[in-house]
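Close look at the chain arrangement
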Amino acid sequence: MIRFFVTFFLFFLITLSGADDFELLKRADKYASSSTKANQFRAYNDYKNIYLRALMNEDQKLKVCALEGIVKCGTKLHIDISQYSEELEKFQEKKSVTTHKSFTKQTNDIRVSSSHKLQSIRWKDGRLVLNFDRKLLNNQINYFQLYDPKTSTYKYVFDVHASMLTKSQTLKKQDIEKIKLAQFNPTTLRLVIQNSSKVAISFKKDKTQLIIKMVPKKSSTPLQTPKQVPHRTITPSRLDRNKVIVIDAGHGGKDPGAIGYRGYREKVVVLQIAQELNTILKSRGFKVYMTRSNDRFIRLRDRTKYANRKKADLFISIHANAVSKKQAKQAYGIECYFLDKSRSSRAKKVAAQENSADMSEMDYYGKQSFLSTLSSHNIVASNKLAIDLQRGALGSLRKSYKDVKDAGVRPAPFWVLVGAQMPSVLVEVGFISNPKEAKRLVNSQYQKKMAYGLANGIERYFVNN
């Protein structure tokens, strides 16, 4: 939760002057030109922050610069940036704005075909074999699963950083309803396996080949929809069932967290969502622990200590945002934070109110202790996890609530994450002070969809990493 003053700082951060926007854009450009994945992630998040500022300030030029950066970095990282690509194309078609000169070459680079090209497609021993002209790298393949409750359709998606030599193709296999291979964007080849029942998917990379085995299952249960599927029947795919996850429901006991619209209390809402997430993850085969399963107060440092004792693979802290009544109708959306060695005084101020829930934490860690607990590996992993959680939540909720807002993924020094020896993320599930969003946050169906989205994000994280 980022309470009243914290969100005030966020609003201030978003509405910074053009000079600050230029500095952030300059930093993002620098990160984007790097060849390391960590810097690409940093650039991606910077561009998304710039995009959010542009929306708030109605700055069309800045918005286009941000969109171009998001598309460039997202493509390199194999993140689904189709929504941003479509928005960018609309601007380019209208030709109503002049784009940032430093991005002209970058945009052109994106339109150039990938260095890897698909040479042939064939079936061998019941497996689909995609043969490329060069050896495939591990980070060139991104696999994820989707479920559409409206059409009761399962989709198994492979995104490969490559291009086709031929046009889009529809392939055929017995008991599989649809298999389509197409160029998703200039540098991403997408294979979609679609069926009305579940399909057991396994694949391997063998030098220049991607070999995919698909076996339809007789019975199926949805991956995402909470209405149609009992929790106990969900079965994970390609997951290590020994993964341990600690879910932290923020606040509790003497600390109610934010008091929002109609007196809704943050500590109650986040516990309900955490309990839903706990049930879903356990049904998918994960080993899950909760820092609190009832209304009790836990010191910040004890939350990550608990995760460390459990030797958790992930630590996820769930909170809800709030602002003053004057700003309540304007501030809404879902955002994810990961811990970083941020030197930004503004970022520290943003987290200050959240950290004040237990002021003794400031003395306990201190500046040097705080910095020493962080590792570059965990920062990058936490950044990836935050992006997957954000995508999962938005993807699940937008099926029923089209106006759910993506408020972004950001670094910040939250004390509740300090000391975690595993990738850790703080999720702000929405603004409990916003009348419309608050009503949703206390609704059990909305909570389930939120939890399903977060669970799908966790699943995606483990599949990709």
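Structure report, in brief. Computed from a prediction, not measured in an experiment: that's the story for all the values here.

1. Some words on the environment of Asn-131
Mapping Asn-131 onto the fold places it in strand β2 (residues 127-132). For the pair Asn-131 and Ile-121, spaced 10 residues apart in sequence, the C-alpha to C-alpha distance is 6.4 Å.

2. Let's talk about the sheet that holds strand β8 (residues 188-195)
Either a parallel or an antiparallel arrangement is found when strands of a sheet pair, and the pairing is made through backbone hydrogen bonds. What the 5 strands build is an open sheet, ordered β3-β4-β8-β7-β6; its pairing is antiparallel. In this open sheet, the two edge strands, each paired with only one partner strand, are β3 (141-148) and β6 (169-173). Going from strand to strand, the sheet's axes swing by 20 degrees on average, the running direction of each strand aside. Sheet topology places strand β4 (residues 153-160) next to β8; 7 bridges connect them, and they run antiparallel. If you follow Val-157 over to β8, its bridge partner there is Val-192.

3. A look at the sheet that holds strand β15 (residues 406-411)
The 6 strands are arranged β12-β11-β13-β16-β14-β15 in an open sheet whose pairing can be described as mixed. Only two strands of the sheet have a single partner each, and these edge strands are β12 (287-290) and β15. For this sheet the average axis-to-axis angle between neighbouring strands, irrespective of direction, equals 20 degrees. Where strand β14 (residues 334-338) and β15 come together, 4 bridges link them in parallel fashion. The residue of β15 that forms the bridge with Cys-336 is Val-409. Of the strands in this sheet, β11 (244-249), β13 (314-321), β14 and β16 (424-431) are in contact with helix α13 (residues 444-464), which crosses β13 at around 150 degrees.

How each quantity is defined
Residues numbered from 1 in each chain as written. Predicted model: local features only at pLDDT ≥ 70, side-chain atom pairs only at ≥ 80, totals over all residues. Heavy atoms only, no water. Helix = DSSP H or I, 4+ residues; strand = E, 2+ residues; numbered from the N terminus. Pairing = 2+ DSSP bridges. Axes fitted to C-alpha atoms, helices over the stretch in contact; angles between N-to-C directions. Contact = heavy atoms within 4.5 Å.

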